[in-house]
Amino acid sequence: MNSFFLLLVVIGLSVAGYAAGRARSVLAASGDVRILHSLPSYYGMFVALGCGLPAILLLALWLIIQPQIVEHMVMAGLDPSIMPQNADEYSLMLTDIRNLASGNAVSREASPAIMAAMERYQSLQSVGFWTMGAAVVCIALLGLVWARSQVSRSFRARNVVENIIRVLLIVCSMIAILTTVGIVLSLIFESLRFFARVPFFEFLFGIHWSPQTAIRAEQVGASGSFGAVPLFAGTMLITLIAMLVAGPIGLLSAIYMAEYANPKFRAIAKPMLEILAGIPTVVYGFFAALTVAPLIRGWGESIGLDVASESALAAGVVMGIMIIPFVSSLSDDVINSVPQSLRDGSYGLGATKSETIRHVIIPAALPGIVGAFLLAVSRAIGETMIVVMAAGLAANLTANPLEAVTTVTVQIVTLLVGDQEFDSAKTLAAFALGLVLFFVTLGLNVIALRVVRKYREKYD
Amino acid sequence: MTDAIMNSKPDTAEIRRPSPGGERLKKRYAAERRFRLYGLCSILAAGLMLVFLVGSIVGTGWSAFLQTYVKLSITFDAEYLDPAGTGDPAQLQNADYGGLMKKNLRDNFPEVTGRSDKRKLYNFVSPNAGYVLRDMVIADPALVGKTLDLWVKASDDIDMLTKGYVDRTEAEDNRRVSNAELAWYDKLDNADRVETRFNTDFFVNADSREPEEAGILGAVTGSLLTLLITLLLSFPVGVMAAIYLEEFAPKNRWTDLIEVNINNLAAVPSIVFGLLGLAMFLNFFGFPRSAPLVGGMVLALMTLPTIIIAARSALKAVPPSIREAALGLGASPLQVVTHHVLPLAMPGILTGTIIGMAQALGETAPLLMIGMIAFIVDIPGGFTDPATVLPVQIYLWADSPERAFVERTSAAIMVLLAFLIFMNFVAVLLRRKFERRW
């Protein structure tokens, strides 16, 4: 909050800088702005940027670096008697100190030494904040004064400002790349730590998943096994059910909308499908757990089938409903982009509309439809809330849709929700699962986009 | 040669001639009608599912907007509030209002004697009813010693009973309301001392363990703070990235890479962004857990591709003649964009941004990863306070076993859907009003 206030101060200074720069340029031109190189507002903007940009950069850097330095200083200054021995203890103690400082509950009774460390932490924090505030304001003022001194009749303010803005534009467009790099790096680093404890092939091909690791070494059955095959199988089962629902319904709706429906019907049906796409997944999850699962269980019992209350079927069907609009809108686009001449040729040979669709349009649109299905599959694999709320937690290796299965995303959520230390194989396993998830969906997307693009080029 | 053709019968395809009665044609037309019907049925199926989904949520949730109150005669007994008769505000502040409430319940139902029956009786009204009495006494100390007929908020079990969710025909052990409680309730009901009112607390309270006290204001505030951060980060960055890619970037491998990257990022599962937020923002940079600041940053990264793609198509839709005319008059490339292209593309960009924000508002999974799932009874006051958001609140309530939380979950979903519908409505309106076809 205080840093936020500081940001407001810097922005205020920038605004003042704008006014100062503008006024100075008008003064330099002695009132006749035509003899200036640029418009007065560019001089103002130059001063504003000179004031704000370095200060905000410094603020951001400081905010990132300060916690590291403060923590290091606090831990180095600890009483030697309670100095942590290993990395786990170190991070636990640090968390305690941090929680104490912000007034939260802590995991154990605070000893006087810890309290002293906490006070030191707090005082360092506040010293750090005030130093930062002073430094940032100083930089902002220095920048303002310097930039203002640059303003003169012949100063090419517009070019400088435009170059700065262009660099900013480039930086912004790089953020997308940085995000991907960040995702890949964070997933890979944590996964490598996981694979240092659990062999890679055991994770990928093991058929037993029970991520509970023991607190004491001699506990029974607490070794923790990380064979992810049941999760992959469960994910595929639910995805398959979802596609069995969404595939036919989505494709047939798309065909009807593209080939049969009159504009009036389209105007109603298309927004309706879009609403289906806009409903948050947590709502679908609630619907699946509260309405669909008991319904399926009731039906199953009435015909003598034993259905688990968190059956894969319920989660899959609801996920299918969620995916219908993806399949239908993508397929709709593809079918619409099949050239009219193909249809006319088919009608001319005497084919009915449905014959034309089945024998001419679908084959012509097939690559695009395949692409649409692949995108839908990737969506289903990565979907989280529906399965978290409606699918099970136990890792069963089964193909029976009436039993409870678990999925990759469910396990990621269950492993990471709640407080836990960050170094156990259990939490790191979530990142390994995330890595698999990321690369599988990425692969599906790349293939799907390539298929769709290739197809479009053929007819354009 | 003609003989050769005449004699060589087609191997596979037989020559079909129109059948005399046109049966084949009838068959083909029947197939046509069937196919058409399949299409219509699948759209109707999708529609029915939507209706079923919304219907089931409205059906279970509408009653959460009502809350049961029971009328009890309450004596503000000086013995509990101010035994010394000092009238000291501090004494009134800290008096035993819970005990006062219990005493009044016993007085209202003198027939209750057993220990376990008494305990049930104390559960008849909301555990927070004592605080309401306290607020009344502090507002008006003259109440001490008086007796009033007051409407007191009933507990969630009684609330469920009023709303008809408790099956009286079921065996006593299988329902949450015992026969004794039913008798007390009926006694009050027959005396017209039960009433349902509009549940204002649902809109002005934060989360609570007691269903009748739980509200959505905390989650809504958290959502607003989070979305504000998301908007502040993703809108400028997204628009600037789109401007660069659409207007300035040279066509080379590097910009191709950025483009492919953005398209792929748009399809990365949201939970992966949560993992990124956990590993980067929380563990590496040490930002606070559960804070709207971090949630907003994660959601900003997630909505960035949506905004960039929407902004690019809006910029692309501005005809080149406008750019050329501005360039011809001596504007610099940046002036062309900021003075002419961007204002013309703004409605499209805003529409895309609102749709991206609506997505972010409904997103749950990445926020679970960064700890916005804590049970928080305070309304967050800043960007670094622990907070939760509306979808996560829905998830938390959906996990609670009490029947009263089921209807509150549905009600919270209705509020969430109302926000989403409003945002999409604004987006459609913007598009209708400002869209220009060149």
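Residues numbered from 1 in each chain as written. Chains lettered and ligands numbered in written order. Predicted model: local features only at pLDDT ≥ 70, side-chain atom pairs only at ≥ 80, totals over all residues.

**Q** Describe the overall build of chain B, with residues and values.
**A** From N to C terminus, chain B includes 19 helices and 3 strands. If you line up chain B on its principal axes, its C-alpha atoms span 120 × 75 × 40 Å. Out of the 438 residues in chain B, the part that is buried amounts to 42%. Of the contacts made within chain B by residues no fewer than 6 positions apart, 77% connect residues no fewer than 24 positions apart. (Helix = DSSP H or I, 4+ residues; strand = E, 2+ residues; numbered from the N terminus. Buried ≥ 20, exposed ≤ 12 C-beta atoms within 10 Å, placed from the backbone. Contact = placed C-beta atoms within 7 Å.)

**Q** Talk me through the overall build of chain A; I want residue IDs and the actual numbers.
**A** A count of helices and strands for chain A gives 15 helices and 2 strands. Within chain A, buried positions represent 43% of all 460 residues. Sequence-distant contacts, at least 24 apart, represent 75% of the contacts inside chain A between residues at least 6 apart.

**Q** Can you break down the nonpolar core residue by residue, with the values?
**A** Ranked by internal contacts, the top residues of the largest apolar core, which has 194 residues, are Ala288, Ala315, Val318, Ala376, Ile386 and Ala390 of chain A. Looking at which element gives the most residues to this core, the answer is helix H7 (residues 229–260) of chain A, with 17 residues. Sequence-distant contacts of alanine 288 of chain A, defined by excluding residues within four places in its chain, comprise Ala293, Ala314, Ala315, Val318, Ile386, Met389 and Ala390 of chain A. One finds Tyr97, Val177, Trp184 and Val194 of chain B within the second-largest nonpolar core, a separate group that totals 27 residues. (Core = buried A, V, L, I, M, F, W, Y, C linked by C-beta atoms within 7 Å.)

**Q** Explain the interface of chain B and chain A residue by residue, including any values.
**A** Taken residue by residue, the interface counts 71 residues in chain B and 71 residues in chain A. The leading source of residues in the side of chain B that touches chain A is helix H2 (residues 23–61) of chain B, at 18 residues. Partitioned by chemical class, the residues of the side of chain B that touches chain A number 51 nonpolar, 17 polar and 3 charged. (Nonpolar A, V, L, I, M, F, W, Y, C, P; charged D, E, K, R; others polar.)

**Q** Which residues make up the confidence of the model for chain B, and what values go with them?
**A** Detailed conclusions should not be drawn from predicted coordinates in areas where pLDDT is low. All names here are of chain B. Taken as a whole, chain B shows an average pLDDT of 83; of its residues, 95% reach a score of 70 or greater. By mean pLDDT, helix H1 (residues 2–7) is the weakest element of chain B at 50, and helix H15 (residues 320–328) is the strongest at 92. Below pLDDT 50 for its whole length, residues 1–5 participates in 0 contacts with residues either more than four positions away or in separate chains. Interface confidence for the predicted complex, expressed as ipTM, amounts to 0.87; the pTM equals 0.86. (pLDDT = per-residue confidence, 0-100.)

**Q** How would you explain the domain arrangement of chain B if you had to name every residue and give the values?
**A** Residues and elements named next belong to chain B. Segmenting chain B into domains produces domain 1 (65–199) and domain 2 (217–434). Between the C-alpha centres of domain 1 and domain 2 there is a distance of 46 Å. Taken residue by residue, the interface counts 5 residues in domain 1 and 4 residues in domain 2. (Domains from an automatic or database assignment.)

**Q** Tell me about the domain arrangement of chain A, residues and numbers included.
**A** Each assigned domain of chain A is listed with its residue range as follows: domain 1 (2–155) and domain 2 (225–459). Look at where the C-alpha atoms of domain 1 of chain A and domain 2 of chain A centre, and you get two points 47 Å apart.

**Q** Talk me through the sheet that holds strand E2 (residues 147–153) of chain B; I want residue IDs and the actual numbers.
**A** Residues and elements named next belong to chain B. Here 3 strands make up an open sheet; going across it, the order is E2-E1-E3 and the pairing antiparallel. Of all strands in the sheet, those with a lone pairing partner are E2 and strand E3 (194–198), marking the two edges. With direction set aside, neighbouring strand axes in the sheet form an average angle of 35 degrees. Here strand E1 (residues 66–75) runs beside E3; their pairing, made up of 5 bridges, is antiparallel. By the bridge assignment, glutamine 67 is partnered in E3 with arginine 197. (Pairing = 2+ DSSP bridges. Axes fitted to C-alpha atoms, helices over the stretch in contact; angles between N-to-C directions.)

**Q** Residue-level account of H2 of chain B, with values.
**A** Each turn of an α-helix holds 3.6 residues, which means side chains three or four residues apart point in the same direction. A rise of 1.5 Å per residue sets the reference length of H2 of chain B, with its 39 residues, at 57 Å; its end C-alpha atoms lie 55 Å apart and thus fit the reference within 8%. Within H2 of chain B the residues assigned to the buried category are Phe35, Gly39, Ser42, Ile43, Ala46, Met49, Leu53, Ile57 and Thr60 of chain B. (Expected span 1.5 Å × (residues − 1).)

**Q** Explain the packing of H7 of chain A against H2 of chain B residue by residue, including any values.
**A** Where H7 of chain A contacts H2 of chain B, the axes come no closer than 8 Å and their chain directions differ by 115 degrees. As for the relative orientation of H7 of chain A and H2 of chain B, their crossing is left-handed in sense. Seen from H7 of chain A, the contacting residues are Pro248, Ile249, Leu252, Ser253, Ile255, Tyr256 and Tyr260 of chain A; seen from H2 of chain B, they are Arg36, Tyr38, Gly39, Leu40, Ser42, Ile43, Ala45 and Ala46 of chain B. Residue composition of the contact of H7 of chain A with H2 of chain B, by class: 11 nonpolar, 3 polar and 1 charged. (Left-handed = near helix turned anticlockwise from the far one by under 90°.)

**Q** Before we move on, can you summarise helix H9 (residues 281–302) of chain A with the specific residues and values?
**A** Residue and element names in this part refer to chain A. With 22 residues, H9 ought to run about 32 Å at 1.5 Å a step, and its terminal C-alpha atoms sit 30 Å apart, in line with that. Of all the bends found along H9, the most pronounced is centred on alanine 288 and spans about 40 degrees. Phi turns positive, to about 80 degrees, at glycine 304, one or two residues after H9. (Bend = angle between axes of the 7 residues up to and from the residue.)

**Q** Account for the environment of proline 347 of chain B, with residues named and values stated.
**A** Along the chain, proline 347 of chain B turns up in helix H16 (residues 333–362). For proline 347 of chain B, the residues in contact, after removing those within four places along its chain, are Leu430, Arg431, Phe434 and Glu435 of chain B.

**Q** Outline the packing of helix H5 (residues 97–108) of chain B against helix H7 (residues 129–139) of chain B, supporting the account with residue identities and numerical values.
**A** All names here are of chain B. In contact at an axis separation of 8 Å, H5 and H7 are set at 105 degrees when each is read in the N-to-C sense. As the angle between them shows, H5 and H7 are arranged roughly perpendicular. Mapping the contact onto sequence places Tyr97, Gly98, Leu100 and Met101 in H5 and Ala129, Gly130, Tyr131, Leu133 and Arg134 in H7. Among the residues making up the contact of H5 with H7, the classes are represented as 6 nonpolar, 2 polar and 1 charged. (Parallel < 35°, antiparallel > 145°, perpendicular 65-115°, else oblique.)

**Q** Could you give me a rundown of the environment of leucine 342 of chain A, with the residues and numbers involved?
**A** Residues and elements named next belong to chain A. With respect to the element layout, leucine 342 can be found in helix H11 (residues 340–348). Classification of leucine 342 as partly exposed rests on a count of 16 C-beta atoms within 10 Å. Between the C-alpha atom of leucine 342 and that of threonine 356, which follows or precedes it by 14 residues, the distance is 8.9 Å. If near-sequence neighbours (up to four positions away) are discounted, leucine 342 is found in contact with Val360 and Ala364.

**Q** With reference to specific residues and values, describe the environment of aspartate 306 of chain A.
**A** Position of aspartate 306 of chain A relative to the elements: it lies in the loop between H9 and helix H10 (312–336). The sequence separation of aspartate 306 of chain A and alanine 19 of chain A amounts to 287 residues, and the corresponding C-alpha distance is 76 Å.

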